Every structure is written in C-alpha cells, then in structure tokens.
Amino acid sequence: MTPEAGTSLDSMLRPLFDLGRTLATPGALSLASRAGVSIPALLERHAVGDWGDIGVGDRLANELALPGGARLLSAFQTDAGRLWIITEADRSSTTVLLPDEY
C-alpha cells in the first residue's frame, strides 16, 4: 500500500474499529508462545484491517462488517498452528483463540 500525497504512513495504520476488551484463550497463549508470535502484534494487524490468512469471502464479509457492525474475523498461520481473532459485532470484545476452541 502506497501513501497518497499528504497522507502519512501513521495515519494509514490507524485502527479501523475498537477492539473492546481483549481476551486470549489458554490454547492461543500456548500456541503463540511455542511459535514465538506476539499476540499484541496480531491484534494490531487485525485492528488495521490486515485480516491475515482468510479467504476472499471472509475478507469481503469483514469489509462489509466494518461500517455495518457485524463480527470481524482474522486468521494467522504460525509455525505451530493457526490462530483466529474474532471481534464481536458490538465491538465489546476481541478474542484470540484456536479454531477448534470456537
């Protein structure tokens, strides 16, 4: 993504929505530790609209959900497995979890 004239890179990376209360399951914390992945860094990516490793349909659903207030999903593949990040439709909370914990 290239910034347009008069646009700073910082302003391009502002969160697109409020994460609300952030939570992580024990399984997600363990996997992130084994993979050497920073959960706060993944949450930052999620908040700026980097949905990670999701399909076109889920990506489109997220883009439509931003103004409409539906649930948001990101998925990130690590060396130790896959992590999901889900922000609830009301933006009250965001949870990092394993797919099988959903």
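Residues numbered from 1 in each chain as written. Predicted model: local features only at pLDDT ≥ 70, side-chain atom pairs only at ≥ 80, totals over all residues. Heavy atoms only, no water.

Q: Describe the overall build of the protein, with residues and values.
A: Of regular secondary structure, the protein possesses four helices and four strands. A total of 102 residues make up the protein; the buried ones form 36% of that total. (Helix = DSSP H or I, 4+ residues; strand = E, 2+ residues; numbered from the N terminus. Buried < 20%, exposed > 50% of the residue type's maximum accessible area, 1.4 Å probe, protein only.)

Q: Could you give me a rundown of the pairing of strand β4 (residues 93-97), with the residues and numbers involved?
A: With five of five residues buried, β4 lies mostly within the body of the structure. Burial along β4 is two-sided: Ser93, Thr95 and Leu97 and Thr94 and Val96, pointing in opposite directions, are all buried. Pairing between strand β1 (residues 21-24) and β4: four bridges, direction parallel. In the sheet register, Arg21 faces β4, and the bridge partner there is Ser93. (Pairing = 2+ DSSP bridges.)

Q: Outline the nonpolar core, supporting the account with residue identities and numerical values.
A: If you look at the biggest cluster of nonpolar residues, it comprises 19 residues, and the most contacted ones within it are Leu43, Leu83, Ile85 and Val96. Only α2 (26-35), α3 (39-47), β2 (72-78) and β3 (81-87) provide two or more residues apiece to this core. Here the element with the most residues in this core is α3; it accounts for four residues. Setting aside its immediate chain neighbours within four residues, Leu83 contacts Ala28, Leu31, Ala32, Leu42, Ser74, Ala75, Phe76, Thr78, Val96, Leu97 and Leu98. (Core = buried A, V, L, I, M, F, W, Y, C linked by side-chain atoms within 4.5 Å. Contact = heavy atoms within 4.5 Å.)

Q: Just give me the short version of the pattern of salt bridges, but keep the residues and values in it.
A: If you walk through the whole model with that rule in mind, you get one salt bridge. Note that Arg45 and Asp50 form a salt bridge whose closest N and O atoms lie 2.7 Å from each other. Overall, Asp50 belongs to the partly exposed group, its relative accessible area being 28%. (Salt bridge = Lys/Arg side-chain N within 4 Å of Asp/Glu carboxyl O.)

Q: Can you tell me about the sheet that holds β1, naming the residues and giving the values?
A: Strand order in this open sheet of four strands is β1-β4-β3-β2, and the pairing throughout is mixed. At either margin of the open sheet sits one strand with a lone partner, and together these are β1 and β2. In this sheet, adjacent strand axes meet at a mean angle of 15° when their direction is disregarded. α2 rests against β1, β2, β3 and β4 of the sheet, and its axis sits at about 130° to β3. (Axes fitted to C-alpha atoms, helices over the stretch in contact; angles between N-to-C directions.)

Q: Describe in detail the side chain of Ser93, supporting the description with residues and values.
A: Mapping Ser93 onto the fold places it in strand β4. When sequence neighbours within four positions are dropped, the list of residues in contact with Ser93 reads Leu19, Gly20, Arg21, Leu23, Ile86, Thr87 and Glu88.

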